[in-house]
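Overview (structure and organization)
Next come the chains, spelled out residue by residue.
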Protein chains: 2
Amino acid sequence: MQFKISKELLEQINSLILENNEKELHDLLHELHYADIAEIMEELDEDGARYVFNTLDSEKTADILLELDDEVRVNILKQLSAKEIAEEIDELDTDDAADIIAELPESKKEQVISELEDVEHAKDIVDLLRYDEDTAGGLMGKELVKVNENWNVLTCVKEMRSQAEHVTRVHSIYVVDDDNRLKGRLSLKDLLTTSTKTPISEVYIKKVDYVKVNTPNVEVARIMQKYDLEAIPVVDEMNRLVGRVTIDDVVDVIKEEADKDYQMAAGITQDVEAGDSVLEMIKGRLPWLLIGMVIELIASLVLQDNQTSVQQYSTLMIFVPLLSATAGNIGVQASAIVVQGLANGSLKQFSKNYFSKELMVAMISGTIISSFLFLYHSIMYKQYLVGLAISTSMVVVILFAATLGTLVPLFLHKNKIDPAIATGPFITTTNDVFGIMIYFGIARMILGY
Amino acid sequence: MQFKISKELLEQINSLILENNEKELHDLLHELHYADIAEIMEELDEDGARYVFNTLDSEKTADILLELDDEVRVNILKQLSAKEIAEEIDELDTDDAADIIAELPESKKEQVISELEDVEHAKDIVDLLRYDEDTAGGLMGKELVKVNENWNVLTCVKEMRSQAEHVTRVHSIYVVDDDNRLKGRLSLKDLLTTSTKTPISEVYIKKVDYVKVNTPNVEVARIMQKYDLEAIPVVDEMNRLVGRVTIDDVVDVIKEEADKDYQMAAGITQDVEAGDSVLEMIKGRLPWLLIGMVIELIASLVLQDNQTSVQQYSTLMIFVPLLSATAGNIGVQASAIVVQGLANGSLKQFSKNYFSKELMVAMISGTIISSFLFLYHSIMYKQYLVGLAISTSMVVVILFAATLGTLVPLFLHKNKIDPAIATGPFITTTNDVFGIMIYFGIARMILGY
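Residues numbered from 1 in each chain as written. Chains lettered and ligands numbered in written order. Predicted model: local features only at pLDDT ≥ 70, side-chain atom pairs only at ≥ 80, totals over all residues. Heavy atoms only, no water.

If you look chain A up in an unreviewed UniProt entry, it shows as Magnesium transporter MgtE from Flavobacterium croceum DSM 17960. The UniProt entry for chain A carries the following text under Sequence similarities (unreviewed entry): "Belongs to the SLC41A transporter family." (UniProt positions renumbered as here; feature names shortened; annotations may be inferred.)

Below is the structure:
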């Protein structure tokens, strides 16, 4: 069942487009999954993607829209009238619908909403547009199955059948009171195995996990993962059931968070992707490059300061790249482990235990590296005192880098700043500068220049 | 409903343990979710964690075992007899049970399996232990609801009720033929809304996504994400239905993959965590530090080679850290975007388009950085030709780093090596060395020394 786009398939599609052969193109694509068609469209040029989109049945196009890369989607939406977009949106779940509408230009947004056919659906979407996209409210959909605590099992099953029409997947059945306040949940299994006359109040489970509309989406992801939930109900300030978040939306949040950390470690500010334009790439990358450059200018001043005085110890200078690279490497290792520990909860704050373990790691690694270095230097240059100065300061620099690498992310976390910044170029270049200062400081002490 | 471990709670638990007050401890913890109790146990010392585990009801302990960090779980399992472990395992789903058994020492494994009460369950677990843990077979569980294509809706509902006893969550109902070969799936909704006498063959959906037992787990994750699946059936070589993978297991795969990439970028080989011992940390970190050191030794030779001849152009040397840091930063940026592009499928192989875009970004960023540098150098040192040499070679080094950063991960990917390696210290230090070579080469050309 694995679908792979082949060169042949793309060529066939392209030539069908050139021939303007709508029918055969339709027959070719009609059997494919919408996610596969979206993948194909991303490989075509703008006009080709539009052409393919226009030949497809309306039941498929809505799902395709959702799967497309932002760039291709914008290109498709541009050519559609408000009425046509509304027709697509009518096919989508409320959360997905709201996501697409949120991307539209302000003027088109209202037009599209006014063209929506299903008024209830439209109301739900408008409601969802109000929430911050980084909260449970921004993540949730309105499609859910709920029953009143005062009903019995039979009424429930009947009601569920009609509600389930609008719900693609039934994750849980939520129980509410007359004011729509969340009381608990029902398992499908219990419902299937209980006599039809039993009142719901007797069978429902009163313990139910939930989040508030303003719970941050990373927190929603954490809770759903921790408690192994496939869906979680969302309540408003008055505890009224207003929506539900499903695991597939949370998977996206988890991936985005991981991507963000990775990009920060690589010194990229915004959410830069391979498909972005040159300008967007520069906007996301140049700032860190410039910050790194400015910090390294300080390093150049330190070197300059020491340059004349160390001409007699010429090897000092040539080990500067080795020293700063090693300091950078160990610093990044230290902070990456802290950042991941904070992210998965295995580390919560500064812990003496953890810190001394990290120092131990740095001490042992540093001693091994410095011993090698001393040996190498002794064999190559036979200046043992200089070798001693270099290898001693190497140990100190490594310890310092490990300390900075551990404490900075913890400090950032404590001050509610994303600790992942600490794995990026800001800290590595800062490590460089401090490392070079310490290096020459210790060399000066040992060699007495 | 958010549970947060408070210091007070931990102190209370610790003093109850000291008082040997099992009853009150039980009452205190009994209401909590197993994931929360696991979190508490991770905060206690070894003996405390064991004490808590022993006071709890057996229905909860199995789930707690599953949630615990590896280290704490090993500590708990050590003190349990094979029979006690078997009792815990009897409570678990087959996939989770197999995961725990796989962690046991070889000798204990067999004992535990022989003590399992439910023979069917034991058979399933033994079967699962055969599969490589990085494949669909290693990820899947045996719990699923399946019906025969020759049944009617009524038989189905009856059979489902009895099967559902063993299945915590019903994701999909799979349809098989008499030889257990996967034919399709049934939606719960259709089953609820179809007359009981209808034969299954008339209502089931023939299109069903599936994976083979030996499909790699990252591929399973990709498919489930792409097609938005909450569960996917797993078939053997003869297309017989042998299990199913659920989205929560795939969430773990996604997180592990992201963590692995992140750690590789940070120069950590194994799966090092904040909770690991000093020795494990060193084993995971020292290799990259040593590799980085050896590569940087080459840089020291290049510097040494140039040192005497550039004493007349003293500022050349002091900008080496700036140059190598900038090259490192832009190289990591370039490869991080490629690595992510390959991971999310937006980049599939070398593309002229993408490469020229990256070169454009490097060219523009390089020109901006070099212009600043030329200005700074001119103001500070007033040696315009040296400034020109430094800033020219900066542009070339940046272009080179961007090229290496783009091509290396693509090359690794093409040769089936994890491209994430390219964001780690190996490439950054290599970039350093080449950068320094290019730098002095160009300076030599321009300054003619």
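So that's the structure; there's more coming.
**Points about the environment of I282 of chain B**
Considering the arrangement of structural elements, one finds I282 of chain B in helix α17 (residues 278-307). Overall, I282 of chain B belongs to the buried group, its relative accessible area being 11%. Excluding residues within four positions of it along the chain, I282 of chain B makes contact with V361, I364 and S365 of chain A together with P287 of chain B. (Helix = DSSP H or I, 4+ residues; strand = E, 2+ residues; numbered from the N terminus. Buried < 20%, exposed > 50% of the residue type's maximum accessible area, 1.4 Å probe, protein only. Contact = heavy atoms within 4.5 Å.)

**As for unusual backbone geometry**
Leaving glycine aside, a negative phi is the common case for residues, and trans is the common case for peptide bonds. Residues and elements named next belong to chain B. Unlike most non-glycine residues, N180 shows phi in positive territory, near 65°. As for its position among the elements, N180 is in the loop between β2 (173-176) and β3 (182-186). A positive phi angle, near 55°, is found at D228, a position not held by glycine. Its place among the elements puts D228 in the loop between α15 (217-226) and β5 (231-235). With relative accessibility at 24%, the residue D228 sits in the partly exposed group.

**Thoughts on the interface of chain A and chain B**
With 114 residues of chain A in contact, the opposing surface of chain B contributes 114 residues. Summed over both partners, the interface of chain A with chain B comes to about 10200 Å²; 61% of that surface belongs to carbon and sulfur atoms. Linking chain A with chain B are eight salt bridges. Put simply, E43 of chain B and K348 of chain A hold a salt bridge, and the shortest N to O gap is 3.3 Å. Applying the counting rule to chain A against chain B returns 24 residue pairs in polar contact (both at pLDDT 80 or more). A total of 18 residues in the side of chain A that touches chain B trace back to one element, the largest contributor, which is helix α17 (residues 278-307) of chain A. The residue makeup of the side of chain A that touches chain B, split by class, is 62 nonpolar, 25 polar and 27 charged. (Buried area = accessible area lost by both parts, 1.4 Å probe. Salt bridge = Lys/Arg side-chain N within 4 Å of Asp/Glu carboxyl O. Polar contact = N/O pair within 3.5 Å; in protein donor to acceptor, adjacent residues only side chain to side chain. Nonpolar A, V, L, I, M, F, W, Y, C, P; charged D, E, K, R; others polar.)

**Considering the nonpolar core**
Of all hydrophobic cores here, the largest spans 128 residues; its most connected members are V52 of chain A together with V52 of chain B. Dropping the residues within four chain positions of it, V52 of chain B is found in contact with I13, I17, L25, L29, I37, M41 and L44 of chain B. By size, the runner-up hydrophobic cluster in this structure holds 116 residues, among which are L289 and V339 of chain A together with I295 and L410 of chain B. (Core = buried A, V, L, I, M, F, W, Y, C linked by side-chain atoms within 4.5 Å.)

**Notes on helix α7 (residues 82-90) of chain B**
Residue and element names in this part refer to chain B. Residues of α7 that are buried: A82, I85, A86, E88 and I89. Buried residues of α7 fall within an arc of 160° about the axis and therefore sit on the same side. Looking at the buried residues of α7, the elements they touch are α4 (46-55), α5 (58-67), α6 (70-79), α8 (94-103), α9 (106-115) and α10 (119-129). (Arc of directions from axis to C-beta.)

**Describing the packing of aromatic side chains**
Residue and element names in this part refer to chain A. Tallying each qualifying case throughout the model produces ten aromatic pairs over all chains. Aromatic pair F350 and F355: ring centres 5.6 Å apart, planes at 55°, arrangement tilted. Under the relative-accessibility criterion, F350 is labelled partly exposed at 44%. For F355, a relative accessible area of 17% translates into the label buried. Grouped by ring-pair contacts, the aromatic residues F319, Y376 and Y381 constitute a single cluster. Its end group placed over the ring of Y204, K206 keeps NZ or CZ at 4.7 Å from the ring centre. (Phe/Tyr/Trp six-rings, centres within 6.5 Å; stacked < 30°, edge-to-face > 60°. Lys NZ or Arg CZ within 6 Å of the ring centre and 35° of its normal.)

**Things to note about the relation of the copies chain A and chain B**
When chain A is brought onto chain B, the operation consists of a screw motion whose angular component is 180° and whose axial shift is 0.0 Å, with 0.1 Å RMSD remaining. Expressed as a symmetry operation, the mapping of one chain copy onto the other fits a two-fold axis. Both copies share a contact surface, since 100% of the interface residues of chain A are interface residues in chain B too. (Least-squares fit on C-alpha atoms with pLDDT ≥ 70 in both.)

**Let's talk about the pairing of β2 of chain B**
Residue and element names in this part refer to chain B. With burial as the criterion, each face of β2 is covered, one bearing I173 and V175 and the other bearing Y174 and V176. Note that β2 and β3 share four bridges and pair antiparallel. Residue pairing in the sheet places Y174 in a bridge with R185 of β3. Taking the residues between adjacent antiparallel strands as the criterion, β2 and β3 are bridged by five residues, where N180 takes a positive phi near 65°. (Pairing = 2+ DSSP bridges.)

**Looking at the UniProt feature "domain: CBS" (unreviewed entry) in chain A**
Here the UniProt feature "domain: CBS" (unreviewed entry) sits at residues 140-202 and 204-260 of chain A. Secondary structure across residues 204-260 of chain A divides into 42% helix and 23% strand, with the first and last C-alpha atoms of the span separated by 40 Å.

**Thoughts on the sheet that holds strand β5 (residues 231-235) of chain A**
Residues and elements named next belong to chain A. Spatially, β4-β5-β6 is the arrangement adopted by the three strands of the open sheet, whose pairing is mixed. At either margin of the open sheet sits one strand with a lone partner, and together these are β4 (211-212) and β6 (241-246). In this sheet, β6 lies alongside β5 in antiparallel orientation, the contact comprising five bridges. Along β6, the bridge assignment pairs V234 with G243.

**Some remarks on the sheet that holds strand β2 (residues 173-176) of chain A**
All names here are of chain A. In spatial order, the strands read β1-β2-β3; together these three strands make up an open sheet with mixed pairing. The sheet terminates laterally at β1 (145-148) and β3 (182-186), the two strands that pair on one side only. Recorded for the sheet is a direction-independent mean angle of 35° between the axes of neighbouring strands. As judged from the four bridges shared by β1 and β2, these two strands associate in the parallel manner. (Axes fitted to C-alpha atoms, helices over the stretch in contact; angles between N-to-C directions.)

**Describing the pattern of salt bridges**
Applying the stated criterion across every chain yields a total of 40 salt bridges over all chains. For the salt bridge of R244 of chain A with D95 of chain A, the shortest nitrogen-to-oxygen distance reads 3.9 Å. Taken together, the residues R244 of chain A in strand β6 and D95 of chain A in helix α8 (residues 94-103) connect sequence positions 149 residues apart. One exposure class covers both R244 of chain A and D95 of chain A, and it is buried. In this structure, the salt-bridge partner of R50 of chain B is E46 of chain B, at a minimum N-O distance of 3.9 Å. In this pair, R50 of chain B and E46 of chain B are both assigned in helix α4, four residues apart and thus about one turn of the helix distant. A residue is classified by how much of its surface remains accessible, and R50 of chain B, at 21% relative accessible area, is partly exposed.

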